[in-house]
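Coordinate analysis (summary)
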Amino acid sequence: MSDPRHTNTGRADVVVSGMGLVTPVGSSADEVMAAMCEGRSGLVRPDADGPLAGSLETAGFAAPIDPTSVLPAPETRLVDRYIVMAMRAAADALADAGIEVGRDVDPYRIGVILSGNGGLATLEAQVVLRTQRGRLGVSPYLLPAMLPNMSAARVAIRHGIRGYSSSISTACAAGAQSVGEGLRLLRADEADVVVVGCSEAPLFPTLVDTFGNARALARGWADDPTGASRPFDRRRNGLVLGEGAGVLVLERAEHADARGAAGYADVLGWGATNDAHHPTTPRPDGTGAAACMRQALRSAGVAPGDIGYVNAHGTSTRLGDQAEALAIREVFGGDTPPVSSTKAVTGHLLGASGVVESAVSVLALRRGLLPPTHNLDDPDPACELDHVRKGPRAAPGISHVMSNSFGFGGHNISLVYGLPSTRLARAV
């Protein structure tokens, strides 16, 4: 039975009107897409003298951000890096959309949903200080520096957003789920604009070590860090952690039209299911992910054959990639659409991946150019798909794309985007 929350209204009525990115391969649409298509990896070895030395072989670090570019100087010491990245991406997305709150949209008709795991690095540092100095060593500003909702709160404060505000914690599905929930708000006419996204800053010792001790990280690539993330390849043996943020501005198409705004693409539908199988591993037969993709297609009002590209979750883990490949074949049959995973160059940005990959999917749709899965030298027969590899693939005429995100806890999210229905289309 379909979920009435994900029923298409029959109209392509929500458009992506802005995007902001902070990634290991750049912070503009052109930089990110060029890296994806040309294979310029953002994966490097951690500093040999840094806190991560010995904990992991390779990671994706985003460029440093001057926190005074988004916060008053006295407040910059009161926030975690994840908040700074979220604020940078949100400011860029709103500027890209040409939206100033109060001028272009009523403050109570714009919402913000920014998700993720929060400022766990700040929490770790405070635990160390308490151990060293006792209870008086703990900062009174710890909570507003690290709570997961504080990226949404800070963005709302900076831009005067006074409508719906929320944060979602569904692990690596959180960012994609933020997009889906934003779509729901707009279709319910509870907002005209929603800022959606996710920011993650997981590169600190304790979190890295828990992944490492769980044997989830890629191993044996210390001499070739750019080759460590290899989704769907026979030699894949774990994920590569990365940091970053992705923010999209979603807008009711009629609102965008009224202000003469151009759109990148329409957000047509989404699906949300749970594997109900295991806290960390996916259901091996892929049925939960397959049900999610089918739900997204129904929500979008499109058939499997309408999808011209799938941006896979593709984390480079043995079980995850195989389960997703099974799910894609179950939904699309033997003649699957072209598939790729862009985590091969960015690493796994956890919850932020789904938003960054949504942006990549939208840009691929508009440019008719599909980014490849880099390092896919020897495709695993258990992951048989129409892989885009060994360079980008021209795809003129595609009209719909899908982006998948799956998280610990069995959370599955699929999003479907289509060519923009607004009168004006963004030049990309």
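The structure under discussion appears in the preceding block.
Below you will find a few notes about this structure. On a predicted model such as this, the values are computed, not experimentally measured, just so you know.

A count of helical and extended segments in the protein chain gives 12 helices and 15 strands. Relative to a compact globule of 428 residues, whose C-alpha radius of gyration would be 22 Å, the protein chain shows 20 Å and is just as compact. Projected onto the principal axes, the alpha-carbon positions of the protein chain cover approximately 60 × 55 × 40 Å. Looking at the protein chain as a whole, 59% of its 428 residues are labelled buried. For the protein chain, restricting intrachain contacts to residue pairs at least 6 apart in sequence, the fraction spanning at least 24 positions comes to 80%. Carbon and sulfur atoms form 52% of the exposed surface of the protein chain, whose accessible area is close to 16,200 Å².

Another point: the packing of helix H9 (residues 287-300) against helix H10 (residues 318-332). Relative orientation of the contacting elements H9 and H10 amounts to 45 degrees, with a least axis distance of 8 Å. Classed by the angle they form, the pair H9 and H10 counts as oblique. Crossing handedness for the pair H9 and H10: right-handed. On H10, the residues that touch Thr287, Ala289, Ala290, Met293, Arg294 and Leu297 of H9 are Ala327, Ile328, Glu330, Val331 and Phe332.

With that settled, consider helix H7 (residues 205-213). Those residues of H7 that fall on the buried side of the exposure criterion are Leu207, Val208 and Phe211. In a view along the axis of H7, the buried residues occupy a sector of 100 degrees, so they form one face of it. Positive backbone phi, approximately 60 degrees, marks Arg215, located one or two places after H7.

Take the pairing of strand E4 (residues 110-115) next. With six of six residues buried, E4 lies mostly within the body of the structure. By the alternation rule, side chains of E4 split into Ile110, Val112 and Leu114 and Gly111, Ile113 and Ser115, which are all buried. Here two bridges tie E4 to strand E5 (residues 165-166), and the two strands are oriented parallel to one another. Bridge assignment links Ile113 to a residue of E5, and that residue is Ser166.

This part covers the sheet that holds strand E15 (residues 411-418). Read across the sheet, 11 strands follow the order E5-E4-E6-E7-E1-E8-E15-E14-E9-E10-E12 without closing on themselves; strand pairing throughout is mixed. Strand pairing shows two members of the sheet lacking a second neighbour, E5 and strand E12 (386-387), which therefore form its edges. Sheet analysis places strand E14 (residues 400-407) next to E15, joined by eight bridges and oriented antiparallel. Bridge pairing links Val401 to Tyr417 in E15. Its contacts with the sheet put helix H6 (residues 174-187) on strand E1 (14-22), E4, strand E6 (193-200), strand E7 (244-252), strand E8 (265-274), E14 and E15, and the angle it makes with E8 is roughly 115 degrees. Strands E8, E14 and E15 of the sheet are contacted by H9, whose axis makes an angle of about 145 degrees with E8.

Overall, the coordinates contain 25 salt bridges when judged by the stated rule. For Asp192, the salt bridge goes to Arg252, with nearest N and O atoms at 2.9 Å. Of this pair, Asp192 sits in the loop between H6 and E6 while Arg252 is found in strand E7, placing the two residues 60 residues apart along the sequence. The residue Asp380 makes a salt bridge to Arg236 at a minimum N-O spacing of 3.0 Å.

For the rest of this paragraph, the subject is the packing of helix H2 (residues 81-97) against helix H5 (residues 150-159). Helix packing geometry: the angle between the two helix axes and the distance between the axes. At a minimum axis distance of 9 Å, the contact between H2 and H5 shows a crossing angle of 45 degrees. Considering the angle they form, H2 stands oblique to H5. Crossing angle aside, the handedness with which H2 passes H5 is right-handed. Where H2 approaches H5, its residues Tyr82, Ile83, Ala86, Met87, Ala90, Ala91 and Leu94 are matched on the opposing element by Met150, Ser151, Arg154, Val155, Arg158 and His159. Residue composition of the contact of H2 with H5, grouped by class: nine nonpolar, two polar and two charged.

Note on placement: Thr23 falls in the loop between E1 and helix H1 (29-38). From its side chain, Thr23 meets the backbone nitrogen of Val25 in a polar contact 3.0 Å long. Side-chain polar atoms of Thr23 contact the backbone oxygen of Gly26, separated by 2.8 Å. Beyond its immediate sequence surroundings of up to four residues, Thr23 is in contact with Val32, Ala62, Ala63, Glu243 and Val356.

Conventions adopted
- Residues numbered from 1 in each chain as written.
- Predicted model: local features only at pLDDT ≥ 70, side-chain atom pairs only at ≥ 80, totals over all residues.
- Heavy atoms only, no water.
- Helix = DSSP H or I, 4+ residues; strand = E, 2+ residues; numbered from the N terminus.
- Rg over C-alpha atoms; globule rule 2.2 N^0.38 Å.
- Buried < 20%, exposed > 50% of the residue type's maximum accessible area, 1.4 Å probe, protein only.
- Contact = heavy atoms within 4.5 Å.
- Areas by Shrake-Rupley, 256 points an atom, 1.4 Å probe, with all protein chains shown as cover.
- Axes fitted to C-alpha atoms, helices over the stretch in contact; angles between N-to-C directions.
- Parallel < 35°, antiparallel > 145°, perpendicular 65-115°, else oblique.
- Left-handed = near helix turned anticlockwise from the far one by under 90°.
- Arc of directions from axis to C-beta.
- Pairing = 2+ DSSP bridges.
- Salt bridge = Lys/Arg side-chain N within 4 Å of Asp/Glu carboxyl O.
- Nonpolar A, V, L, I, M, F, W, Y, C, P; charged D, E, K, R; others polar.
- Polar contact = N/O pair within 3.5 Å; in protein donor to acceptor, adjacent residues only side chain to side chain.

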